[in-house]
Amino acid sequence: IVSYLTEELVKMGHEVTLFASGDSITKARLIPCCTESLRLNKNCEDQLTHHFIMLEKVIREMNNFDVIHYHIDYFHFLSSRIYNRVPHLTTLHGRLDIPDLVPLYREYYEMPVNSISYAQRNPLSWINWTGNVYHGLPMDLFTPGGGAGDYLAFLGRVSPEKGVDKAIEIATQAEMPLKIAAKIDHADKDYFEEKIKHLLDHPLIEFIGEINEKDKQTFLGEAKALLFPIDWQEPFGLVMIESMACGTPVIAFNVGSVPEIMEDGKTGFIVSSTSEAVKALDTLSSIDRLDCRKIFEERFTADRMAKEYVALYKSLTNSGVRGRSFELTVA
């Protein structure tokens, strides 16, 4: 999302500095904070060290910017309070229903934050919410597919809250093939081995593993539907709009952001149980895949996302100047 936002802001004519890994591909001015992406770097044992280096570099550069847009949760709160010369905004990307966050946000009550869904705000409804901006994807990242693959899709992480076990249950009860494209983070390896691995032996289930953006086009575009049987307060759920961009309907559990992102009966079906999900599969033909794509284009493009963030930047800098080009940083 940071990449999509950065490139759209550059396209709009803003001068953008991106603090990220050195192997990042961007048209913005790049200040590398480590040599390569940390998540796939097997030699990286402590990711936080690189975040501290990034914050130091931001502090050194901050006088060059009109606004700073953070995507690292609360890591910068102390430095932003001390070095408060430049307006800043923090987009919170994760879950907020964690008790330990309450005293932290009570202390840093003044920090302006942005949500990615209104549902995300519920646990901390009283903090300094400055805006709500839904995620967006580049218009040309995906194209509508025909759904000719005659299979269901699951895309995401293998973890208890993402509901891959429920997806397998739905597919087997509906007697439909299920392809699972999912990564297994280190923290979820035991869960995979103990709870999921044996379920993959079913003849209807195919485990593909982690896939890239290019692979998602065929994987989602040819699927009959995406299964999204989550069991947690999902802050957004990027895979839902990825599926919509491919014209593929989503069968999603009614939790977290789902009612905000989905349009029941238009982009798929919102259900409350495995049995309801199985029944919904019988009515997939009522979903027009081109209409599903159209709703994505109306609500979830990167262009729309960038414009809404620029409006927030202007409000933070008290600038009503039309067409102003911002010098900003994205960290």
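About the thresholds
- Residues numbered from 1 in each chain as written.
- Predicted model: local features only at pLDDT ≥ 70, side-chain atom pairs only at ≥ 80, totals over all residues.
- Heavy atoms only, no water.
- Helix = DSSP H or I, 4+ residues; strand = E, 2+ residues; numbered from the N terminus.
- Buried < 20%, exposed > 50% of the residue type's maximum accessible area, 1.4 Å probe, protein only.
- Contact = heavy atoms within 4.5 Å.
- Salt bridge = Lys/Arg side-chain N within 4 Å of Asp/Glu carboxyl O.
- Core = buried A, V, L, I, M, F, W, Y, C linked by side-chain atoms within 4.5 Å.
- Pairing = 2+ DSSP bridges.
- Axes fitted to C-alpha atoms, helices over the stretch in contact; angles between N-to-C directions.
- Arc of directions from axis to C-beta.
- 1 Å grid on protein atoms, 1.4 Å probe; cavity = no way out; pocket = protein on both sides within 12 Å on 5 of 7 lines; lining within 4 Å.
- Points joined across faces, edges and corners; volume = space filled by probe spheres on them.
- Nonpolar A, V, L, I, M, F, W, Y, C, P; charged D, E, K, R; others polar.

Draft legend 1. Representation of the environment of Leu199 within the structure. For Leu199, the location among the structural elements is in the loop between α7 (189–196) and β9 (205–207). Overall, Leu199 belongs to the partly exposed group, its relative accessible area being 26%. As for Leu199 and Arg60, which are separated by 139 residues in sequence, their C-alpha atoms are 52 Å apart. Look past the residues within four positions of Leu199 in its chain and what remains in contact with it is Asp165, Ile168 and Ile205.

Draft legend 2. Just the pattern of salt bridges, in detail. A complete count under the given rule lists 17 salt bridges for this structure. Across the salt bridge formed by Lys11 and Glu8, the nearest N and O atoms sit 3.4 Å from each other. In this pair, Lys11 and Glu8 both sit in helix α1 (residues 2–11), three residues apart, roughly one turn of the helix. Residue classification places Glu8 among the buried positions, given a relative accessible area of 8%. The closest approach of N and O atoms between Arg293 and Glu297, which form a salt bridge, is 2.8 Å. Pair noted here: Arg293 and Glu297 are both in helix α12 (residues 289–299), with a separation of four residues, about one helical turn.

Draft legend 3. Quick look at the nonpolar core. Of all hydrophobic cores here, the largest spans 80 residues; its most connected members are Leu178, Ile180 and Ile251. Considering each element in turn, this core owes the most residues, eight residues, to helix α13 (residues 302–316). For Ile251, the contacting residues outside a window of four places in its chain are Ala225, Leu226, Leu227, Phe228, Pro229, Phe269, Val271, Ala277, Ala280, Leu281 and Leu284. Core analysis: the second largest hydrophobic core is formed by 13 residues, Ile31, Val58, Met62 and Tyr70 among them.

Draft legend 4. Structural view of the sheet that holds strand β11 (residues 250–253). Strand order in the open sheet formed by six strands is β9-β8-β7-β10-β11-β12, with parallel pairing between adjacent strands. Looking at the sheet topology across the chains shown, the edges are occupied by β9 and β12 (268–271). Sheet twist, expressed as the average angle between the axes of neighbouring strands with direction ignored, equals 20°. Taken together, the two bridges between strand β7 (residues 152–157) and strand β10 (residues 225–228) define a ladder with parallel strand orientation. Bridge pairing in β10 links Leu152 to Ala225.

Draft legend 5. Here's a closer look at α7. Those residues of α7 that sit buried are Tyr191, Phe192 and Ile196. Projected down its long axis, α7 shows its buried positions confined to an angular sector of 100°, all on one face. Pointing more than 90 degrees away from the buried face of α7 are the exposed residues Asp190 and Glu194.

Draft legend 6. Main features of empty space enclosed by the protein. This structure, assessed with the given rule, holds one cavity of 30 Å³ or more. A volume near 40 Å³ is recorded for the largest cavity. In terms of lining, the largest cavity is formed by Met62, Ile68, Tyr70, Ser80, Tyr83, Val86 and His88. Its residues assigned to classes, the lining of the largest cavity shows five nonpolar, two polar and no charged.

Draft legend 7. Inspection of the environment of Lys189 at higher detail. By the element assignment, Lys189 lies in helix α7. Lys189 sits 31 residues away from Val158 along the chain, and the two C-alpha atoms are 8.5 Å apart.

Draft legend 8. Structural view of the pairing of strand β1 (residues 15–21). Burial analysis of β1 places six of its seven residues in the buried class, the great majority of the element. For β1 and strand β2 (residues 29–34), the ladder comprises five bridges, and the chain directions are parallel. Bridge pairing in β2 places Ala20 opposite Pro32.

Purely geometric numbers; function is a separate question.
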